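# Structural description and commentary
Now for the letters of each chain:
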Amino acid sequence: MNERRTETLVVTLVTVTNLLIAFFISGVVIWALGEDPWFALKTLLYGAFGYDEGLGYTLYYTTNFIFTGLAFAIGFHCGLFNIGAEGQAYIGGLGVGLICLWLEDWSLWLVFPLAVLTSIILGGIWGAIPGYFKAKHGSHEVVTTIMFNFIASVIMVNILSHVLRPPKEMSPESREFAEGVWIPQMHEIFDWFGINITQTPLNGTFFFALICLVLVWRFIWYTRWGYEIRTVGTNDTAAVYAGISVSRNIILAMVVCGGLAGFVGINEIMGSSHRIMLNFQAGIGFTGIAVSLIGRNHPLGILLAALLFGILYQGGAELSFEVQAIDRHLVVLIQGLVILFAGALENLFWPQIEYFVKQLARQ
Amino acid sequence: MSTSAIELTDINKNFGNVCANKDVSLKVESGTIHGIIGENGAGKSTLMSILYGFYLADSGAIAVQEKSTEIRSAHDAIAAGIGMVHQHFMLVDTFTVLENVVLGTETGFSLQESMQKTERELQRLEKDYHLEVDINAVINTLPVGLQQRVEILKALYRGADILILDEPTGVLTPQEADHLFRILNELREQGKTVILITHKLREIMATTDNVSVMRQGEMVAHRKTSETNREELAELMVGRKVLMQVDKAPAKPGSPMLTVKHLDYTDDFGVRRVKDVSFEVNCSEIVGIAGVSGNGQSELMDVITGIKPLQKGQIQISGQTITSTVRGNAAAMRRFGMAHVPEDRQRRGLVTSFSANENIILGYHKNPSYNNFIEMDRDFIIQSCKKQMEHFDVRPDNPHLRASLFSGGNQQKLVVAREFERDPALLVVGQPTRGVDIGAIEFIHRQIIAMRDAGKAVLLVSVELDEILSLSDRILVMFDGQIMGEILAKDADEREIGLLMAGVRKEAA
């Protein structure tokens, strides 16, 4: 077994072990509440996969987490801890919505690329400003990006309630834009092939997310730009020696982060709600951090982790609905345990598992 | 026969699969200076760490002053009368000499009391061993030679009868080193035992009574210093005959390739590191910059290679003139045909968590031959990496192996392969053989001379005087940011260079 494969095996085993422990403890909690943990697990999995509507919601959430997970990962490879995906998604989403409102008579084939572009530009700007402060003045990105989350939030409340809210409407949201620029929903897409599935918010953006996964993978590991970003992230002294501009790469990485986070707006606004709403991004940006960390900042890992959180969101909702003693707070607890074990305590069993795998490899 | 201060019997120590010490036995006679010599990675430091309680031997016995002793921690070692002067000093920079010596031995409730007690004791020690240091001086105001003296005092204060010095002269000028050896002699005369770990044959020959040679974790020979010579020791260290002198034809310098004029550099803390330095390097010539580390050589190199900004002065490379850069620009310098083997391969020359093939393109990753329109040409990179690794004898020649998994010598060969293979016009080389085994040193030296013979201009910066002397055609000596003098290698005299390195100009001497 070569070194790379051993490493992959260790990483996989560590992650799986940590997830199992998180689920085990959740099970104990459920059992202590007087409910059957097995039944709870079955309900959760059934809720997430058991029927087409559940699966639709699961994948719909997954789509969001893929975008914000990738947004975190790119920054991470550049040595940044970008916790601003929340705000970047919010502002990027605003761009998507504005394009749709403005060009609602145009063909989707034109509006979609423009929406992607606007999302990259606005989300990118929202990432680039903290990136600039980091690169030129050394302001820590954790502090600045979280501040930018708040700024984004205030700006959006203002725009939505004072600019975009149609007269005589009570709620702070824009009007619905014309159906021509809606991204086809999954049941419509299946309908073209004559397959009937239940309507869910899941839409074509899901495929776009998968494409993004592949593009990010190739970008990070197969292009010179990705190479520069990784060099800056791993050893910035070596980067300077190699003539790689540290500040330019930090800003570039933050722009890509912001752009990817902004795609949440495509899924949420163009694909599902068809209007700009308050807090459409709520929590998705932060969950992206956990998704990326659990997925070890690798697109394949991010896909699996995003799916896991999709399951927890959708299955968890089902669980709190079905089982009396389990309310939505308990579902948050389960998510918290997953983050705790797979994210924060990831090194807990690392030495043991590594030792085990190395022994195995030697034989 | 005199009594033994330390006797190690059949010490074994393994780190995973790596055998660091194998059946090592060593007897150090009381009241002698005993040298332990070996290449990097021969197991000297591991052995001493076992003796000082940092590592526990897998098997074997230790006897101190002819009593079987178990040493489980540095505390045990100190209790047994063993003191250690580390290669990198273990001093608190902002404390005074006295505070550093007290540290860890303070007793009772009042610090004042221990301070006074220590002060009296220190004064006695300084007088007995001629180790004069101002005990109220703050450590970071003292020159390195004196800091080392403080380390020795610290060990003596803790009651050391046996003193281990790990590569003590790495940071000293030849004069400071001589002074250290006088101190060691003094210690021996007072009945102390000294163990000197080094890879410098000159020091062994000059100071020790006995010498033990280690190679690949084993003790290969014990000799009386008076009954051996440099050549024999070198051969024992490497396990084969070594050319002590590098063969090279006389230089036939061509036209100037690099011209530096009035270069001045002040660092971020406002310290003027490089002071009005001017020199030139011609084609087909190796110019060596000698000096004790920390005298501005690193900063000078960084400015020339575009890592640090050119604040004042002028650099000309192959006719192109650069007058100022706001930030450094190493990429531009590479475009002018400069290749750079950096002083610190771990932090600068390599991204150690990247594979060999990703490291072989560091700094050249934008090269069109490595890139397709969007993605990089991975297959080509791996192929050419493999070729370069074979060419420069990097072992193992596996382009997929992570850089951190190569030995120091092979990591350095990887860096050298990357920079030399580029066919540069100007080559800037810093500490090319630091932490590299003798076999690799020979190889790298030959490559540097081959570059010169191929008509390249080579600027070599090294703190190893032997390396400067054997490779350079012209030698510049730096002290305190200035060039103290220029000497043609053929009439170089070690003593003269030593004085220049210590800041003494010819006229004054």
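Note that the structure is a prediction, hence the values are computed from the model and not measured. (Residues numbered from 1 in each chain as written. Chains lettered and ligands numbered in written order. Predicted model: local features only at pLDDT ≥ 70, side-chain atom pairs only at ≥ 80, totals over all residues.)

## As for the overall build of chain B
Within chain B one finds 17 helices and 20 strands. Relative to the globule expectation of 23 Å for 509 residues, the C-alpha radius of gyration of chain B, 25 Å, shows essentially globular dimensions. With the principal axes as the frame, chain B shows a C-alpha extent of 70 × 50 × 45 Å. Evaluated residue by residue, chain B yields a buried proportion of 45% over its 509 residues. In chain B, of all internal contacts separated by at least 6 residues, the share reaching a separation of at least 24 is 67%. (Helix = DSSP H or I, 4+ residues; strand = E, 2+ residues; numbered from the N terminus. Rg over C-alpha atoms; globule rule 2.2 N^0.38 Å. Buried ≥ 20, exposed ≤ 12 C-beta atoms within 10 Å, placed from the backbone. Contact = placed C-beta atoms within 7 Å.)

## Some words on the overall build of chain A
From N to C terminus, chain A includes 16 helices and 0 strands. Computed over the C-alpha atoms, the radius of gyration of chain A is 21 Å, within 12% of the 21 Å expected from 2.2 N^0.38 for a compact globule of 363 residues. Projected onto its principal axes, the C-alpha coordinates of chain A cover approximately 70 × 60 × 40 Å. By the burial criterion, 52% of the 363 residues in chain A qualify as buried. If you take every contact in chain A between residues at least 6 apart in sequence, the share linking residues at least 24 apart comes to 76%.

## Things to note about the domain arrangement of chain B
Residue and element names in this part refer to chain B. Here chain B is partitioned into domain 1 (4-238), domain 2 (244-337 + 425-509) and domain 3 (347-423). The C-alpha centroid of domain 2 is placed 34 Å from the C-alpha centroid of domain 1. The interface of domain 1 with domain 2 comprises 12 residues on the first partner and 13 residues on the second. Elements supplying a minimum of two residues to the side of domain 1 that touches domain 2: helix H6 (174-189) and helix H8 (230-238). At 5 residues, the largest contribution of residues to the side of domain 1 that touches domain 2 is made by H8. Along the lines of polarity and charge, the residues of the side of domain 1 that touches domain 2 split into 5 nonpolar, 4 polar and 3 charged. (Domains from an automatic or database assignment. Nonpolar A, V, L, I, M, F, W, Y, C, P; charged D, E, K, R; others polar.)

## Remarks on unusual backbone geometry
The omega torsion of the bond from Arg-395 of chain B to Pro-396 of chain B falls at -10 degrees, within 30 degrees of zero and hence cis. Here the phi dihedral of Asn-297 of chain A falls at roughly 60 degrees; this positive angle occurs in a residue that is not glycine. By the element assignment, Asn-297 of chain A lies in the loop between helix H13 (284-294) and helix H14 (299-322). The residue Asp-23 of chain B is not glycine, and still its phi comes out positive at about 45 degrees. Inspection of the secondary structure puts Asp-23 of chain B in strand E2 (residues 18-29). Residue classification places Asp-23 of chain B among the partly exposed residues on the basis of 14 C-beta atoms within 10 Å.

## Here we look at the interface of chain B and chain A
By a widespread convention, an interface's size corresponds to the accessible area lost as its parts come together. With 23 residues of chain B in contact, the opposing surface of chain A contributes 14 residues. Elements represented by at least two residues in the side of chain B that touches chain A include exactly helix H10 (330-335) and helix H11 (345-349) of chain B. Looking at the side of chain B that touches chain A residue by residue, the classes come out as 9 nonpolar, 8 polar and 6 charged.

## Points about the sheet that holds strand E13 (residues 285-290) of chain B
All names here are of chain B. Ordered by their spatial adjacency, 6 strands build an open sheet running E16-E17-E18-E13-E19-E20, and the pairing between neighbours is mixed. Two strands lie at the open edges of the sheet, namely strand E16 (338-341) and strand E20 (482-488), each paired on one side alone. Each strand axis lies, on average, 15 degrees off the axis of its neighbour in the sheet, ignoring direction. As paired strands, strand E17 (residues 426-430) and strand E18 (residues 457-461) are joined by 5 bridges and run parallel to one another. Residue pairing in the sheet places Val-429 in a bridge with Leu-460 of E18. (Pairing = 2+ DSSP bridges. Axes fitted to C-alpha atoms, helices over the stretch in contact; angles between N-to-C directions.)

## Details of helix H8 (residues 205-222) of chain A
All names here are of chain A. The end-to-end C-alpha distance of H8 is 25 Å, a good match for the 26 Å that 18 residues give at a rise of 1.5 Å each. Turning to H8, its buried residues number three or more, namely Thr-205, Phe-208, Ala-209, Cys-212, Leu-213, Val-216, Phe-219 and Ile-220. For H8, the angular spread of buried residues about the axis comes to 150 degrees, placing them on one side. Across H8 from its buried face, at more than 90 degrees, point the exposed residues Ile-211 and Val-214. Where H8 is buried, its residues touch helix H3 (52-77), helix H9 (224-234), helix H11 (246-262), helix H12 (264-273) and H14. (Expected span 1.5 Å × (residues − 1). Arc of directions from axis to C-beta.)

## Focus: the packing of H14 of chain A against helix H15 (residues 328-344) of chain A
Residues and elements named next belong to chain A. H15 packs onto H14 with a crossing angle of 145 degrees between their chain directions and a minimal axis gap of 8 Å. The handedness of the crossing between H14 and H15 comes out as right-handed. Across the interface between the two elements, Leu-312, Gly-316, Leu-319 and Ser-320 from H14 touch Arg-328, Leu-330, Val-331, Ile-334, Gln-335 and Val-338 from H15. The residue inventory of the contact of H14 with H15, partitioned by class, reads 6 nonpolar, 3 polar and 1 charged. (Left-handed = near helix turned anticlockwise from the far one by under 90°.)

## Here we look at the environment of Thr-305 of chain B
Residue and element names in this part refer to chain B. Structurally, Thr-305 can be placed in the loop between helix H9 (297-304) and strand E14 (312-317). Overall, the presence of 25 C-beta atoms within 10 Å leaves Thr-305 in the buried class. Sequence separation between Thr-305 and Leu-427 is 122 residues, and the spatial gap between their C-alpha atoms is 9.8 Å. The contact partners of Thr-305, leaving out residues within four places of it in the chain, are Ala-330, Met-333, Met-338, His-340 and Val-428.

## Looking at helix H1 (residues 44-51) of chain B
All names here are of chain B. Where burial is concerned, most of H1 is hidden: 8 out of the 8 residues are buried. Taken together, the buried positions of H1 are occupied by Lys-44, Ser-45, Thr-46, Leu-47, Met-48, Ser-49, Ile-50 and Leu-51. Following H1 by one or two positions, Gly-53 adopts a phi angle in the positive range, close to 85 degrees.

## Some details on the confidence of the model for chain B
Looking at chain B, pLDDT values average 86 and 96% of them are 70 or higher. The complex prediction reports pTM at 0.79, with the ipTM value standing at 0.84. (pLDDT = per-residue confidence, 0-100.)

## Remarks on the nonpolar core
Leu-70 of chain A together with Val-477 of chain B are the most contacted members of the largest nonpolar core, which has 188 residues in total. Ranked by residue count, the leading element in this core is H3 of chain A, at 13 residues. Membership of the second largest hydrophobic core comes to 61 residues, among which are Ala-80, Leu-122, Leu-163 and Ile-195 of chain B. (Core = buried A, V, L, I, M, F, W, Y, C linked by C-beta atoms within 7 Å.)

## Details of the packing of H13 of chain A against H14 of chain A
Residues and elements named next belong to chain A. As a packed pair, H13 and H14 sit with axes 8 Å apart at the nearest point and diverge in direction by 130 degrees. One way to sum up the angle between H13 and H14 is to call them oblique. For the crossing formed where H13 meets H14, the hand is right-handed. Here Thr-287, Val-291, Ser-292 and Ile-294 of H13 lie close against H14, whose contacting residues are Ile-302, Ala-305, Ala-306 and Phe-309. A per-class count over the contact of H13 with H14 returns 6 nonpolar, 2 polar and no charged. (Parallel < 35°, antiparallel > 145°, perpendicular 65-115°, else oblique.)

## What to know about the pairing of E18 of chain B
Residue and element names in this part refer to chain B. Along E18, 5 of the 5 residues are buried, which leaves the element largely enclosed by surrounding structure. Burial along E18 is two-sided: Ala-457, Leu-459 and Val-461 facing one way and Val-458 and Leu-460 facing the other are all buried. Where E13 meets E18, 5 bridges bridge the pair, whose relative direction is parallel. Each bridged residue has a counterpart across the sheet, and for Ile-286 the counterpart in E18 is Val-458.

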